[in-house]
Amino acid sequence: MGRLNDRVALITGASRGIGAAVARRFAAEGAHVVAVARATAGLEALDDAIRAAGGTATLVPLDLTDGPAIDRLGGALAERHGRLDVLVGNAAILGGLSPLGHYEPRVWDRVMEVNVGANWRLIRACDALLRAAPAGRAIFVTSGVARGARPYWGPYAVSKGALETLALTYAAETAKTAVRVNLINPGAVRTEMRALAMPGEDPATLPAPDDVTEAFVALAEDACARHGEIVNAGAAPCPSAPCPPAP
């Protein structure tokens with residue numbers, strides 16, 4: 001019996017990298033996965049993998065900068081399931097590495113819209129659905145660059161800092177409900193975004209996306225008591241353990 005049996009889990013950025021790995025793992029644990037991404041081909045490959053392993057998924061090709069489409073997705077989930085057990089806000093874009101004054105405004109705006117605005121819109125669209133679930137869980141993916149003010153990470157670092165405040169605010173607002181809201185810092189993982197940011201790095205030295213999925217499962221379980229924390233995916237995320245510091 002899976003640890004997420006009969007749960008409905010929405011995962012953004014599910015066509016590749018960490019999002020795809022979490023989607024496959026959640027499906028293997030018994031969840032019905034609602035996979036959201038722009039890349040239709042990636043979603044179809046994910047669906048094939050999930051179904052081949054005996055799981056189920058609903059594919060949602062969607063640009064997260066389309067706020068009304070996110071609203072419609074919330075309505076469709078309400079009509080079909082009446083609840084949402086797990087929301088994983090994973091999708092993000094890098095926007096390149098450059099001095100702050102060198103970014104084009106359109107690049108800055110898109111990073112903020114995808115990495116922050118879309119997650120606010122998802123909270124807005126899914127809050128009632130998470131509260132309707134017996135044990136709603138919201139998990140947002142952050143990064144160590146949100147803290148420390150590293151040069152040249154401009155929009156990505158700023159957006160992740162804003163995302164942390166967004167998620168922790170939502171956690172404060174749901175403190176007296178059954179909903180649990182947390183952030184995960186996966187650390188350095190072998191993804192396309194990591195390769196863009198660190199082109200000289202040997203990807204073989206990094207963990208694969210599948211290696212960090214346990215933290216997501218633990219935070220999605222009914223038994224999880226963590227709330228309003230930033231969890232390091234490399235640490236054992238026991239529900240009763242104190243939050244390890246994010247690097």
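Residues numbered from 1 in each chain as written. Predicted model: local features only at pLDDT ≥ 70, side-chain atom pairs only at ≥ 80, totals over all residues. Heavy atoms only, no water.

1. A word on the packing of helix H3 (residues 67-80) against helix H4 (residues 105-132)
Consideration 1: For the pair H3 and H4, the least separation of the axes is 9 Å and the interaxial angle reads 20 degrees. Relative to H4, the element H3 is oriented roughly parallel. H3 and H4 meet at a crossing whose hand is right-handed. For the pair formed by H3 and H4, the contact residues are Gly67, Pro68, Ile70, Asp71, Gly74, Leu77 and Ala78 on the first element and Ala118, Arg121, Leu122, Arg124, Ala125 and Leu129 on the second. (Axes fitted to C-alpha atoms, helices over the stretch in contact; angles between N-to-C directions. Helix = DSSP H or I, 4+ residues; strand = E, 2+ residues; numbered from the N terminus. Parallel < 35°, antiparallel > 145°, perpendicular 65-115°, else oblique. Left-handed = near helix turned anticlockwise from the far one by under 90°. Contact = heavy atoms within 4.5 Å.)

2. Re the packing of aromatic side chains
Consideration 1: For the structure shown, the criterion picks out one aromatic pair.
Consideration 2: Consider the rings of Trp153 and Tyr156, whose centres lie 6.1 Å apart with planes at 50 degrees: the pair is tilted. Like Tyr156, Trp153 is buried. (Phe/Tyr/Trp six-rings, centres within 6.5 Å; stacked < 30°, edge-to-face > 60°. Buried < 20%, exposed > 50% of the residue type's maximum accessible area, 1.4 Å probe, protein only.)

3. A closer look at helix H1 (residues 17-28)
Consideration 1: The end-to-end C-alpha separation of H1 is 17 Å, in line with the 16 Å expected for 12 residues at 1.5 Å each.
Consideration 2: If you check which residues of H1 are buried, you get Ile18, Gly19, Ala20, Ala21, Val22, Ala23, Phe26 and Ala27.
Consideration 3: Buried positions along H1 lie against strand E1 (8-12), strand E2 (32-37), helix H2 (40-52), strand E4 (86-89) and helix H7 (213-220).
Consideration 4: One or two steps after H1, the chain reaches Gly30, where phi turns positive at roughly 105 degrees. (Expected span 1.5 Å × (residues − 1).)

4. Some words on the packing of H1 against H2
Consideration 1: In contact at an axis separation of 9 Å, H1 and H2 are set at 25 degrees when each is read in the N-to-C sense. Looking at the two axes, H1 sits roughly parallel to H2. The chirality of how H1 crosses H2 is right-handed. Across from Ala20, Ala23, Arg24 and Ala27 in H1, the residues of H2 making contact are Leu46, Ala49 and Ile50.
Consideration 2: Classifying every residue of the contact of H1 with H2 gives six nonpolar, no polar and one charged. (Nonpolar A, V, L, I, M, F, W, Y, C, P; charged D, E, K, R; others polar.)

5. Digging into the pairing of E4
Side-chain direction in a regular strand flips from residue to residue, so the side chains alternate between the two faces of the sheet.
Consideration 1: On E4, burial covers both faces: Val86 and Val88 on one face and Leu87 and Gly89 on the other are all buried.
Consideration 2: Sheet topology note: the E1/E4 ladder contains three bridges and is parallel. Paired with Leu10 across the two strands is Leu87, which belongs to E4.
Consideration 3: Pairing analysis gives four bridges linking E4 to strand E5 (residues 137-141), with the strands arranged parallel. Within the sheet, the bridge partner assigned to Val88 lies in E5 and is Ile139.
Consideration 4: Note that the unit made of E4, H4 and E5 has a crossover that is right-handed. (Pairing = 2+ DSSP bridges. Right-handed = clockwise from strand over helix to strand, strands pointing away.)

6. Observations concerning the pattern of salt bridges
Opposite charge on two side chains permits them to pair, given that their charged atoms come into close proximity.
Consideration 1: A complete count under the given rule lists 16 salt bridges for this structure.
Consideration 2: Its salt-bridge partner being Glu29, residue Arg25 comes within 3.1 Å of it at the nearest N-O pair.
Consideration 3: The salt bridge involving Asp63 is made with Arg110; its shortest N-O contact spans 3.7 Å. In this pair, Asp63 sits in the loop between strand E3 (56-61) and H3 while Arg110 sits in helix H4, placing the two residues 47 residues apart along the sequence.
Consideration 4: When salt bridges that share partners are traced, they join Arg3, Arg25, Glu29, Glu214 and Glu221 into one network. (Salt bridge = Lys/Arg side-chain N within 4 Å of Asp/Glu carboxyl O.)

7. Concerning the confidence of the model for the protein
Consideration 1: In the predicted model, the protein carries a mean pLDDT of 92, and the fraction of residues at 70 or more is 94%.
Consideration 2: A low-confidence stretch, residues 235-247 (pLDDT under 50), is modelled with 29 contacts involving residues beyond four sequence positions or located in other chains. (pLDDT = per-residue confidence, 0-100.)

8. Considerations on the sheet that holds strand E6 (residues 180-185)
Consideration 1: Strand order in this open sheet of seven strands is E3-E2-E1-E4-E5-E6-E7, and the pairing throughout is parallel. Bordering the open sheet on either side are E3 and strand E7 (230-232), each of which pairs with just one other strand. Sheet twist, expressed as the average angle between the axes of neighbouring strands with direction ignored, equals 20 degrees.
Consideration 2: Along the sheet face, helix H5 (residues 154-173) touches E5, E6 and E7 and points at about 155 degrees away from the line of E6.

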